[in-house]
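# A closer look at the structure
One letter stands for each residue in the lines below.
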Amino acid sequence: MSGQTDQHSRAGATAADIQAHYDVGKEFYGLWLDPDLTYSCALWDGITGDPARTDLLLKAQHAKLRYHLSQAGITANDRLLDIGCGWGSLLRTAAEETGVRHAVGLTLSTDQHAHACSLGLPGVDIRIQDWRDHEPDTTYDGIVSIGAFEHFTHVDMSRDERITAYHAFFARCAAWLPPLGRLSLQTIALTDGHDLDGPVPAFFAREIFPGSALPRLSDITTACEPYFAITALREDSADYVRTLRAWSTRLLQARDKAESLVGPDTYRRYRTYLRASEIVFTRRASTLYRITLRRLRCRPR
Ligand SMILES: C[S@@+](CC[C@H](N)C(=O)[O-])C[C@H]1O[C@@H](n2cnc3c(N)ncnc32)[C@H](O)[C@@H]1O
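Residues numbered from 1 in each chain as written. Predicted model: local features only at pLDDT ≥ 70, side-chain atom pairs only at ≥ 80, totals over all residues. Heavy atoms only, no water.

## Some details on the packing of aromatic side chains
We count it as follows: Ring geometry is summarised as follows: Phe, Tyr and Trp rings, the Trp one being its six-membered ring, pair when their centres sit within 6.5 Å, and such pairs are stacked at plane angles under 30 degrees, edge-to-face over 60 and tilted between the two. Each helix is a run of DSSP H or I of at least 4 residues and each strand a run of E of at least 2, with the numbering of both proceeding from the N terminus. Summary of the burial criterion: residues with accessible area below 20% of their type's maximum are buried, those above 50% are exposed, and those between are partly exposed, where the area comes from a 1.4 Å probe applied to protein chains only. As a reminder, the over-ring test applies to NZ of lysine and CZ of arginine, requiring each to be within 6 Å of the ring centre and within 35 degrees of the ring normal.
One pass over the full model with this rule turns up 28 aromatic pairs. Both rings, one in Tyr22 and one in Tyr39, keep their centres 5.8 Å apart while their planes meet at 75°; by these two values the pair is edge-to-face. Taken together, the residues span a long stretch of sequence, with Tyr22 in helix H1 (residues 15-22) and Tyr39 in the loop between helix H2 (26-30) and helix H3 (54-71) at a distance of 17 residues. Using a relative accessible area of 15% as the deciding quantity, one classes Tyr39 as buried. Measuring from centroid to centroid gives 5.9 Å for Phe28 and Trp32, while their planes differ by 65°, and the two rings are edge-to-face. The cationic tip of Arg234 hangs over the ring face of Tyr67; the distance from NZ or CZ to the ring centre is 5.6 Å.

What follows is the structure, encoded as structure tokens:
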């Protein structure tokens with residue numbers, strides 16, 4: 001890993017910030033996520049029934065992973081980059097179902113890296129690497145980034161500073177794609193016109209996601225110029241309400257085991273964060289975007 005990633009002068013979450021959240025450990029996350037450990041909003045189109053059921057949660061997560069692979073234009077024998085690959089569920093779907101030739105996954109979490117490597121996926125290279133330090137030899141056919149964008153800036157940055165940081169991300173993605181290549185991005189966002197302040201965001205920034213901040217859609221549309229055109233946009237906040245309800249129900253059902261793994265304080269923090277998030281999404285103070293971006297022909301700097 002680059003030594004640069006731990007510098008707090010860098011925009012967004014540092015490796016230490018990421019590890020504070022994700023390295024709580026896969027045994028704990030495995031109690032309430034789906035068996036593939038996908039840790040982002042699922043896609044519930046046409047899926048009915050109790051979202052906390054393992055088979056339904058898994059189905060909705062797979063629907064989301066397939067959606068992003070399709071939006072990124074990934075087909076058999078392609079080269080794929082997954083920025084913020086988590087425990088490797090998208091890479092697994094890409095390798096086992098789509099048949100990609102080569103895929104690279106980036107994470108800052110040592111626990112995620114160890115687990116994703118243990119999957120032994122053919123043609124898949126998982127790295128503990130910040131996207132800012134990624135320097136591939138050749139371009140990719142498509143890029144997916146799910147639930148990582150929220151970590152690329154922090155709450156103390158001004159809007160101009162955040163736009164600059166997002167702009168750098170889009171410039172790098174554009175440089176890694178051929179003209180017309182696609183990036184499929186999923187992120188939580190602040191709803192334009194809503195101000196989320198007070199104890200809830202302060203609790204998130206202090207206790208749950210240090211070094212992280214939510215973008216607004218207008219930040220993304222501004223920052224992706226002149227590299228990308230947005231070709232599809234889904235706003236799926238109801239999907240996050242269902243996903244969060246599934247996760248918090250499953251965590252509650254596994255309370256004894258969870259407390260024995262991480263202690264009562266951490267258990268309580270996570271239950272509070274999942275319930276608070278559900279309320280924030282229900283009230284539409286935050287929302288969930290799935291955004292397809294197509295690289296324009298201009299030359300990335
Ligand atoms: C909420 S998890 C989502 C994981 C996965 N995409 C999923 O849906 O299950 C966020 C991921 O972003 C990664 N991440 C955050 N900031 C990053 C950065 N600057 N460079 C690379 N990965 C980063 C974290 O390590 C983590 O794997």
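Next comes the rest of the account.
## Things to note about the nonpolar core
Rules: The set of buried Ala, Val, Leu, Ile, Met, Phe, Trp, Tyr and Cys residues whose side-chain atoms join them within 4.5 Å is what this entry labels a nonpolar core. Here, residues are in contact when the closest pair of their heavy atoms is within 4.5 Å.
Counting 38 residues, the largest nonpolar core has Tyr29, Trp32, Tyr39, Trp247 and Tyr273 as the members making the most contacts within it. At the level of secondary structure, the elements contributing two or more residues to this core comprise H1, H2, H3, helix H7 (199-208), helix H9 (237-253), helix H10 (255-262) and helix H11 (264-282). Not counting chain neighbours up to four residues away, the residues in contact with Trp32 comprise Tyr39, Leu57, Trp247, Arg250, Leu251, Tyr270 and Leu274. Counting residues in each nonpolar core, the second largest holds 31 residues, with Ile83, Val104, Phe149 and Ala223 among its members.

## Quick notes on the side chain of Asp34
Condition: Charged-residue counts in this description rest on Lys and Arg as positive and Asp and Glu as negative, His and the chain ends being excluded. The term salt bridge refers to a side-chain nitrogen of Lys or Arg lying within 4 Å of a carboxyl oxygen of Asp or Glu. In protein, a polar contact requires one atom able to donate a hydrogen and another able to accept it; more generally it is a pair of N or O atoms within 3.5 Å, and residues adjacent in sequence count only if both atoms are side-chain atoms.
Relative to the assigned elements, Asp34 resides in the loop between H2 and H3. Lacking a salt bridge, the buried Asp34 has Arg250 as its closest oppositely charged neighbour, with an N-O distance of 7.2 Å. At 2.9 Å, the side chain of Asp34 forms a polar contact with the backbone nitrogen of Asp36. Engagement of the side chain of Asp34 in a polar contact is seen with the backbone nitrogen of Thr38, the distance being 3.0 Å. Among residues more than four places away in sequence, those in contact with Asp34 are Leu57, Leu58, Gln61 and Arg250.

## Thoughts on the site of the ligand
Stated precisely, the cut-off is as follows: Near residues are defined by distance, with any heavy atom within 4 Å of the molecule or strand qualifying the residue. The accessible surface values rely on the Shrake-Rupley method and a 1.4 Å probe; as for residues, cover is taken only from the protein chains in view. Each residue is assigned to one class: nonpolar for Ala, Val, Leu, Ile, Met, Phe, Trp, Tyr, Cys and Pro, charged for Asp, Glu, Lys and Arg, and polar for all the others, Gly among them.
Close to the ligand lie 22 residues, the nearest being Tyr39, Ser40, Gly84, Gln112 and Ile146. In the environment of the ligand, an oxygen atom lies 3.1 Å from a nitrogen or oxygen atom belonging to the backbone of Gly86. Note that a nitrogen atom of the ligand is positioned 3.4 Å from one of the side-chain N or O atoms of Arg132. Here the ligand has 590 Å² of accessible area as a free molecule, and 97% of this is covered by the chains. Elements that contribute at least two residues to the shell around the ligand include exactly H1 and strand E2 (102-107). Classifying every residue of the shell around the ligand by side-chain character gives 10 nonpolar, 10 polar and 2 charged.

## Some points on the pairing of strand E4 (residues 142-146)
For clarity, the cut-off: A pair of strands is considered paired only if DSSP assigns at least 2 bridges between the two.
In terms of burial, E4 is largely enclosed, as 5 of its 5 residues are buried. Residue alternation in E4 divides its side chains into two sets, Gly142, Val144 and Ile146 and Ile143 and Ser145, and both sets are buried. Note that strand E1 (residues 79-83) and E4 share 3 bridges and pair parallel. By the bridge assignment, Asp82 is partnered in E4 with Val144. Sheet topology places E4 next to strand E5 (residues 182-190); 5 bridges connect them, and they run parallel.

## Digging into the side chain of Thr287
Checked against the element boundaries, Thr287 lands in strand E7 (residues 286-295). Within the structure, Thr287 has its side chain in polar contact with the side chain of Glu235 (distance 2.7 Å). The residues contacting Thr287, other than those within four sequence positions of it, are Thr187, Ile188, Ala189, Thr191, Glu235, Ser237 and Phe281.

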